[in-house]
2 protein chains.
Amino acid sequence: MARIVQKFGGTSIANLDLIKKVARIAVASAQEGHEVTTVVSAMGRTTDELIGVARQISRSPNPRELDMLLTTGEQQSVALMSMAIQELGWPARSFTGGQAGILTESRHGTANIKQVNPEAIEASLNRGEIAVVAGFQGITPGQELTTLGRGGSDTTAVALANALEAERCDIYTDVRGVYTADPRILGEARRLPCLSYEEMLELAATGAKVMNHRSVELAMEKEMPVRIRSTFEPDDHGTLVTHRSASPEYAICGITIDTNQVSFSVKFPPAEDGHKPLESVSSLFTRLTELHIPTDMIMLLAREDEPLQELAFTVDHGYSSRVQAMIETIWQKPKGVLLTTDSTLTRLSIVGRTFTTRPEMVAGVFDALHNAAIPVQMVATGDLRMSVLLPTQHAHQAVKLIHERFDMDKELRVA
Amino acid sequence: MARIVQKFGGTSIANLDLIKKVARIAVASAQEGHEVTTVVSAMGRTTDELIGVARQISRSPNPRELDMLLTTGEQQSVALMSMAIQELGWPARSFTGGQAGILTESRHGTANIKQVNPEAIEASLNRGEIAVVAGFQGITPGQELTTLGRGGSDTTAVALANALEAERCDIYTDVRGVYTADPRILGEARRLPCLSYEEMLELAATGAKVMNHRSVELAMEKEMPVRIRSTFEPDDHGTLVTHRSASPEYAICGITIDTNQVSFSVKFPPAEDGHKPLESVSSLFTRLTELHIPTDMIMLLAREDEPLQELAFTVDHGYSSRVQAMIETIWQKPKGVLLTTDSTLTRLSIVGRTFTTRPEMVAGVFDALHNAAIPVQMVATGDLRMSVLLPTQHAHQAVKLIHERFDMDKELRVA
């Protein structure tokens, strides 16, 4: 008998028929002898709808009050899911994040989990119940309700699996696993039977939406095996994320795109006469860190002999106006400083192991894009990925070209 | 500066415009210098809608899970109300029932409040905030979410007013106060400027829907003044409920009707041969008490010399099938026992002081009904009211006749 945690996102429980379907999946697992904890999100687009309602009252609703509002979404899901499981004749009990022992810091809207006290869930499992837990939410030591940010239900599921020392965490979603590229934009995309935490982290960070980044980190910390699988084809094995790499022989496990990035470029004269541009760069990134604004593709060209030095990076579209204001404040438009932003670009990322040690991979990407006359605006290369910024209208074609170039539609042999 | 508690029911906050309107009422009170605690119900028909959703999953949803579901209704209201108050520039903070210190017993669906710990609310008021509290709900010492039953938000408001030692509890609703009869069925019905707790209790118990029975009891315990007033005409004084009677000179303060009562009559032979019908009557009422099923108009005719003795009473329609099954089990249909039920009747109640000591009032009621040839099926008289059971199709006419008979449309002089 294994202890497992299952997570079902909003699309998996978008209506009452789907709730009943998910209840059957949970009960089937329990009938196989597993101890089952089921983590659910709010139904369908409930969270977005509640945010819409709040915005009708206030353009920028108080974050504490917004959490008070949003946490009702998952609370409704767990109550209904628990009823649906009971209706199938299996005992079940619902838990809010707080009741499930999910303790967080008090940063409303994006709270991190500080501690999980799984005693109440363990007692429920010991009674033979399916424990149904509200994802995406927690409670502070002062009994304030918090949310964990987008994709937070994945984090709840993995954190609980860790705390319960579960054998596995199953992330049920609306796709059959992790693919070499988004199958909606590339029919030849192949599903990966397995994947390492590091590879999954890069895919999640660069645009694969199947699992949230923080939850992969948590799984990696405790080496918790995570299976990404389909709610609609629950017999399918999906993709197993462990320490084992997807691509023992190939370097690339997946191509992702993110159309939601905005590029910033600041050109400024080199240091002279007490004007210290690198100090400004440093204070910009200090401020971005304080505000928890993630940046990507950071590049600095600061050669002393160039007439203009350049700082470039990308941020998520949602942060764009704040970042622009920040740059304008810090540089206060001294003579010769040029700020350019571009939101018509897409970041395409190729994720694989040992990218920097295999320059032929980098060359292959450039060659494929160059042959198709696709312009590249920026390139950044890290240990596990290479990202290129290119015009959005060429993004899907670029995915196809690179996928073909590296024979990613061929079956991979798994070590 | 007075400390006041305001309560707004579902119809008062049925949509976002009304939430903004109620926020203005709360802020206006705060601007007058009051310390304001605002208790709100779920918006509009949310609670009924959630029950409807639960019923699509289970015909008889688990009461604990139903409470988990229903408590989200008020939680959404307090978040939105708090945002709306903040949007007007006044500080506010929302509280679930549990956060507000409303501790209840664990009887899900109809939990009684055991204790109120108002420290968190007091801290909020001391910070100058409007405290916005979810009505209808509480928490058990084991952190289980509970609901207080229909009308429970009134109970929350009065219990908080008591615990906060407020100067007054204002129950805002969709009518302008308490009337001598339902103004929707009798245009001449007159609003009562004031009313005693005892009179309000009888009105609430017999069909007046403005305030729930338990909340009136709580107000009476601490002599908390309660003002019933209109959300839509907030400048209107409404009806003040205190120890002061509505009718110092007249005996009657109001006429109520309840179309939701079902009458039961059990006829059985007198005791003989070890068959002890009164023991059966006693066990029936013991069982009804255990199941918290309220009865009214209980009558027993048990004269030894009658061929059949009779027990009669009424219950709310919702309990009717359970009560019928109970009677059939207890009597197990011994020879000669006759069970009759009738759900086509309406209970009309005339509420006033010292009913039993003024037989001319009773005579007046009978005379008025008799002159109009309205048949009366059962009559019960208590200290503060007289109830008659008559065919539902004559109920409105009967209200009018009795209202006229006692000149209840005339202005009462208040002592």
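None of these values were measured; they are calculated from a predicted model.

**Student:** Would you explain the overall build of chain A in this entry?
**Tutor:** The number of helices and strands found in chain A is 11 helices and 20 strands. Computed over C-alpha atoms, the radius of gyration of chain A comes to 23 Å, within 12% of the 22 Å expected from 2.2 N^0.38 for 415 residues, which places it in the range of a compact globule. Oriented by its inertia axes, the alpha-carbon framework of chain A measures out at about 75 × 50 × 35 Å. Burial analysis of chain A (415 residues in total) assigns 55% to the buried set. Here the contacts in chain A between residues at least 6 apart in sequence split such that 75% fall between residues at least 24 apart. For chain A, the computed accessible surface area is about 17,800 Å², with 49% contributed by carbon and sulfur atoms. Each charge sign in chain A was given a centre, from 40 positive and 51 negative side chains, and these centres are 3 Å apart.

**Student:** What's the story with the packing of helix α3 (residues 63-87) of chain A against helix α3 (residues 63-87) of chain B in this structure? I'm lost.
**Tutor:** To characterise two packed helices, one gives the angle between the axes of the helices and the distance between these axes. Following both chains from N to C, one finds α3(A) and α3(B) inclined at 170 degrees, their axes separated by 8 Å at the closest point. In terms of orientation, α3(A) lies roughly antiparallel with respect to α3(B). Classified by chirality, the crossing of α3(B) by α3(A) is left-handed. When its residues are assigned to classes, the contact of α3(A) with α3(B) shows 14 nonpolar, 12 polar and 2 charged.

**Student:** Would you explain the side chain of A:Glu35 in this entry?
**Tutor:** All names here are of chain A. Note on placement: glutamate 35 falls in strand β2 (residues 35-40). Glutamate 35 sits in the buried class, given a relative accessible area of 16%. With near-sequence residues (within four places) excluded, glutamate 35 lies in contact with Met1, Ala2, Arg3, Ile4, Leu125 and Asn126.

**Student:** How do you make sense of the packing of aromatic side chains when you look at a structure like this?
**Tutor:** All names here are of chain B. Here the structure, examined in full by the defined rule, presents 6 aromatic pairs over all chains. Summarising the aromatic geometry, the rings of phenylalanine 264 and phenylalanine 313 are spaced 5.6 Å apart at their centres and angled 15 degrees between planes, so their arrangement reads as stacked. Remark: phenylalanine 313 occurs in strand β16 (residues 309-316) and phenylalanine 264 occurs in strand β14 (residues 261-268); sequence separation between them is 49 residues. For phenylalanine 313, a relative accessible area of 0% gives the class buried.

**Student:** Help me understand the environment of A:Gly135 in this model?
**Tutor:** Residues and elements named next belong to chain A. In this fold, glycine 135 is placed in the loop between β6 (130-134) and β7 (137-139). When its relative accessible area of 0% is taken as the criterion, glycine 135 is described as buried. The spacing of glycine 135 and threonine 47 is 88 residues in sequence and 12 Å in space, taken between C-alpha atoms. Among residues more than four places away in sequence, those in contact with glycine 135 are Val39, Val40, Glu74, Ser153 and Thr156.

**Student:** I tried to follow the interface of chain B and chain A on my own but got confused; where do I start?
**Tutor:** Accessible area lost upon the coming together of the parts is a frequently used measure of interface size. On the chain A side, the residues contacting the 38 residues of chain B number 38 residues. Across the chain B/chain A interface, buried area totals approximately 3,100 Å², and carbon plus sulfur atoms make up 59% of it. Considering only the side of chain B, the residues that lose the most area to chain A are B:Ile57, B:Glu65 and B:Met83, jointly responsible for 22% of the buried surface there. Seen at the junction of chain B and chain A, the total is 2 salt bridges. With its nearest N and O atoms 3.0 Å apart, the salt bridge here joins A:Arg93 to B:Glu144.

**Student:** Can you walk me through the environment of B:Phe95 in this structure?
**Tutor:** Position of B:Phe95 among the secondary structure elements: in strand β3 (residues 92-95). Assessed through its relative accessible area of 4%, B:Phe95 is described here as buried. Separated by 38 residues in sequence, B:Phe95 and B:Val133 have C-alpha atoms that sit 4.8 Å apart. Not counting residues up to four positions away in its chain, the partners in contact with B:Phe95 are A:Met68, B:Val78, B:Ala100, B:Ala120, B:Ile121, B:Ser124, B:Ala131, B:Val132, B:Val133 and B:Ala134.

**Student:** What exactly am I supposed to notice about the sheet that holds strand β11 (residues 226-230) of chain B here?
**Tutor:** Sheet strands pair by backbone hydrogen bonding; their relative direction is either parallel or antiparallel. Residue and element names in this part refer to chain B. Taken together, 8 strands build an open sheet; the order of strands is β3-β6-β2-β1-β9-β11-β12-β10 and the sheet is mixed. The strands lining the two open edges of the sheet, one partner per strand, are β3 and β10 (194-196). Neighbouring strand axes in the sheet, compared pairwise and without regard to direction, differ in orientation by 20 degrees on average. Bridging between strand β2 (residues 35-40) and strand β6 (residues 130-134) involves 4 bridges; their strand directions are parallel. What sits directly across from valine 40, in β6, is alanine 134. Helix α1 (residues 16-31) rests against β1 (3-8), β2, β6 and β9 (168-173) of the sheet, and its axis sits at about 170 degrees to β1.

Conventions used here
Residues numbered from 1 in each chain as written. Chains lettered and ligands numbered in written order. Predicted model: local features only at pLDDT ≥ 70, side-chain atom pairs only at ≥ 80, totals over all residues. Heavy atoms only, no water. Helix = DSSP H or I, 4+ residues; strand = E, 2+ residues; numbered from the N terminus. Rg over C-alpha atoms; globule rule 2.2 N^0.38 Å. Buried < 20%, exposed > 50% of the residue type's maximum accessible area, 1.4 Å probe, protein only. Contact = heavy atoms within 4.5 Å. Areas by Shrake-Rupley, 256 points an atom, 1.4 Å probe, with all protein chains shown as cover. Lys, Arg positive; Asp, Glu negative; His and termini not counted. Charge placed at Lys NZ, Arg CZ, Asp CG, Glu CD. Axes fitted to C-alpha atoms, helices over the stretch in contact; angles between N-to-C directions. Parallel < 35°, antiparallel > 145°, perpendicular 65-115°, else oblique. Left-handed = near helix turned anticlockwise from the far one by under 90°. Nonpolar A, V, L, I, M, F, W, Y, C, P; charged D, E, K, R; others polar. Phe/Tyr/Trp six-rings, centres within 6.5 Å; stacked < 30°, edge-to-face > 60°. Buried area = accessible area lost by both parts, 1.4 Å probe. Salt bridge = Lys/Arg side-chain N within 4 Å of Asp/Glu carboxyl O. Pairing = 2+ DSSP bridges.

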